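# A look at the structure
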Amino acid sequence: MESLKTLIELEQMADKLDVKLLKHFYKTFKPRENKNLKAAMKYFHTRGDMESADYRSAYHQLCDWFYGWDVSNAAVGGAVLDFDSPGDTEGELRRVPRDISLTESGERAECERILKTFETLFGLTRRQLKKSYMNIEEMTPRIGQGLATMTTKQEEKEDQDDEIKKEEVWKHDRTLDDPHAKDMDDEFAGSYDDLRQKREADGLIVKRNDALAGAGGTDTATATRQNTEFQPNPDSPHSSRSSSPGSEPEQTEQSNSKSPKSVGTPGIDKISNMPSSQPPSKGFEFSSATPPRRGLLQDGPNESDMKLSMQRDVNLCYHAVNKSLDYLLVCASNVILVMSFAEMLGMKEVYQKFNAIAHDLSCEFVSNSVKTVWDLLNREIKTTTLQELRDMSMLRNCMRQVIDIGRMNNKNPRGKLKTLHKKFELAHELFVSVDIHIFPNFVAAHKDGVKSAQYSAFDSNLWLSGGYDSMIRIHDLRAANNHICLSQYVGHKSIVTDVHFTKDDTHIVSCSFDRTVKIWNSQSASCEKTLTGHTDSVTSCDVTLDKRYIVSGSTDNSVRLWDFNTGHCVANIKKHTRWVKLVRFSPDGRFIVSAGLDNKIYIWDIKFVANSRSFSPKRTIEDHRDYILDIAMARPNYLLTVARDCSIRMFDINSANELYKISIAPSWACTAAFSPNGEYFATGSFDNNVIIFNSKDGSRVRQIRCLNLGIMCVRFPKDLSYIVVGTQEGFLQQIPL
């Protein structure tokens, strides 16, 4: 829990030490006011499994360095730990950062020691996290088989090792207290193993009577049989025991009166009267005086018992997930601290290493904890959708339903589940500090992938989108407005591949795999014109700012220019040798740019195309070595291209000269977009990474990772406060910048 408390101290470090990572994180995260953080600290379930003393010592080491405290001063430490008390003015007064100069060698050395301490603790905690993930993976397939009574081989081995260690510690302590104890241990060493080896039948324990070991007058075999007593093991299921609780003493007295006794050894049956020539009997044979076992017939588990057992197993899985979330939160807070100190010390390798570790932690969290909760919810609430799992408010409602179901079935409120969604939210907030967005704000715009999106000039929170479900919709992305769908345009019969607002937002232009281009009235949601002429799927379209022309590209290898007002085809260009992937108008309306799967980009003069019957491109770009996947343009003369050759290239549209080239291998970008002012551009990759670059020199500004099934488009809003990502599952995600 002390690791989570470091988030409070790091808030003050953000301003005092000018750490960019912390400033970005604490711009929105307020640890003293965050209810999720307080709930996670209150319901922290792994205190006994982690070295709490080590974390407490590391936390004090951090506070000693930052505030100038003395770790031996328990009063200071006690004052700081209770941050929930508003009246703790004395503790607040002592939380004054001292002046720190990292140019001094002593300060840097202490800073490095703190970094190494938390780096080591992170390694130990992540080992526990992986162990908990393995435990969850073993438990999930065995739900309904009685997880409460099952013990894995690994757990048995750990229990045996723990017992051995306890025995060694006990012997060591006894030896220190009593110097003669060692001789006693040597005398009885191995006696327990000898007894276990003499077990001759299941349910029986063989005990050796050492008092008769020196008896004379008998041969070795006879003495061995005389000195051996066979007793049923009371803990074994095979032991002979009457079902009547009062019959056992009577049977014992009866057998004692009938069987002969050895002198000085009461209670031991002599079996030495057996003839020596007769071979010894195998195992133990009960005497005729011993009554046979009387079993009880019981009915098998009924349906209610099976449901109750299933409910117990589900509860255990929820508890395991809750426990793994505690480990994850500790690991995430350690990552933030180590990356912050690495930034202060200029240790780029450590910073990049833990940045990659943060990505791994997020992937493990999604593939294990999120996946397990999804599976458990579907067992109890059959109608749970992926959207409900990704929306924290909906997940909260699902947890409440699960608690209500458990209360009705077995009167168990399952209070621990009340904090599960809060820990999910806190994990998302911690990962946001390193630009990993697991549960961002989103709207389920389509039933399937979002192929294209554009914001409205009237309100940048209103977004137009076209999807794989053949629909065109306008949504309000604001969560306060419940992500309401404002309008819907129905008419296409296949995937909508591209959509655009006109400059005044009065009309919408769209194209589809149904070989048509449509012009819609945005207010009445009616289709005013349908442009036909392509013989195959239309992959891209665009409209000029003055609403004079529309351009479209198709898999029939052609580029067509249309008159917006009449809907007539002005020109049909057949220059590409393979499918035309993208067509765009330049911002000034002078050029048409087309890109195809023949790895070529053609720049056409729009006046020449509109007024001529023979078409030749003004410029040709053939720098890419693989399919061109997207193009974008911005003022004054930027032409951005992305391709499957893992490259991003910036060209001058007037001269077709390459300005710079960026490689993002082994990944490649599948979509690209400029900011409205052209200062930045963003690319979206198939590995769910959104990278923001500076348009002037191509320097990398931000790299953001999003949780989704695949990025299909990225777009900037007008105010640059966030970026919108269209995903393969049909979501429009709003990623804050």
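Details of the structure are given in the entry above.
A brief structural summary.

Definitions and cut-offs
Residues numbered from 1 in each chain as written. Predicted model: local features only at pLDDT ≥ 70, side-chain atom pairs only at ≥ 80, totals over all residues. Heavy atoms only, no water. Helix = DSSP H or I, 4+ residues; strand = E, 2+ residues; numbered from the N terminus. Buried < 20%, exposed > 50% of the residue type's maximum accessible area, 1.4 Å probe, protein only. Contact = heavy atoms within 4.5 Å. Areas by Shrake-Rupley, 256 points an atom, 1.4 Å probe, with all protein chains shown as cover. Pairing = 2+ DSSP bridges. Axes fitted to C-alpha atoms, helices over the stretch in contact; angles between N-to-C directions. Polar contact = N/O pair within 3.5 Å; in protein donor to acceptor, adjacent residues only side chain to side chain. Parallel < 35°, antiparallel > 145°, perpendicular 65-115°, else oblique. Left-handed = near helix turned anticlockwise from the far one by under 90°.

What the protein contains, in helices and strands, is 18 helices and 33 strands. Counting across all 737 residues of the protein, residues that qualify as buried make up 48%. Considering only residue pairs separated by 6 or more positions, the protein has 55% of its internal contacts joining residues 24 or more positions apart. Put simply, the protein shows about 37300 Å² of open surface, and 50% of that area lies on carbon and sulfur atoms.

The subject of this paragraph is the sheet that holds strand β24 (residues 638–643). Pairing is antiparallel in the open sheet, where four strands are placed in the order β23-β24-β25-β26. Single-partner strands in this sheet number two, and they are β23 (628–634) and β26 (658–663). Put simply, the sheet's adjacent strands are angled 15° from each other on average, direction ignored. Two strands pair when backbone bridges link them, and β24 and strand β25 (residues 647–652) are joined in this way by five bridges, in the antiparallel orientation. Residue Y638 lies in a different strand from β25, and its bridge partner there is D652.

Here S369 lies in helix α14 (residues 348–380). Separated by 232 residues in sequence, S369 and E137 place their C-alpha atoms 9.7 Å apart. For S369, the contacting residues outside a window of four places in its chain are Y133, V321, S324, E364 and F424.

Time to look at the side chain of T641. Checked against the element boundaries, T641 lands in strand β24. Taking relative accessible area as the criterion, T641 reaches 0% and is therefore assigned buried. Engagement of the side chain of T641 in a polar contact is seen with the side chain of H624, the distance being 2.7 Å. When sequence neighbours within four positions are dropped, the list of residues in contact with T641 reads I601, H624, D630, I631, S647, I648, R649 and F651.

The subject of this paragraph is the sheet that holds strand β21 (residues 601–605). Read across the sheet, four strands follow the order β19-β20-β21-β22 without closing on themselves; strand pairing throughout is antiparallel. In this open sheet, the two edge strands, each paired with only one partner strand, are β19 (580–585) and β22 (619–621). Averaged over all pairs of adjacent strands, the angle between their axes in this sheet comes to 15°, without regard to strand direction. Across five bridges, the pairing between β19 and strand β20 (residues 591–596) is antiparallel. Residue V580 lies in a different strand from β20, and its bridge partner there is G596.

In this section: the packing of helix α7 (residues 105–139) against α14. Orientation of α7 relative to α14, taken along the N-to-C sense of each, is 20°, at an axis distance of 12 Å. Relative to α14, the element α7 is oriented roughly parallel. Crossing handedness for the pair α7 and α14: left-handed. Taken together, the residues of α14 that come into contact with α7 (itself represented by L115, E119, F122, R126, L129, K130, Y133, I136 and E137) are V350, K353, F354, I357, D360, L361, E364, F365, N368, S369 and T372.

On their own, these measurements won't tell you what the molecule is for.
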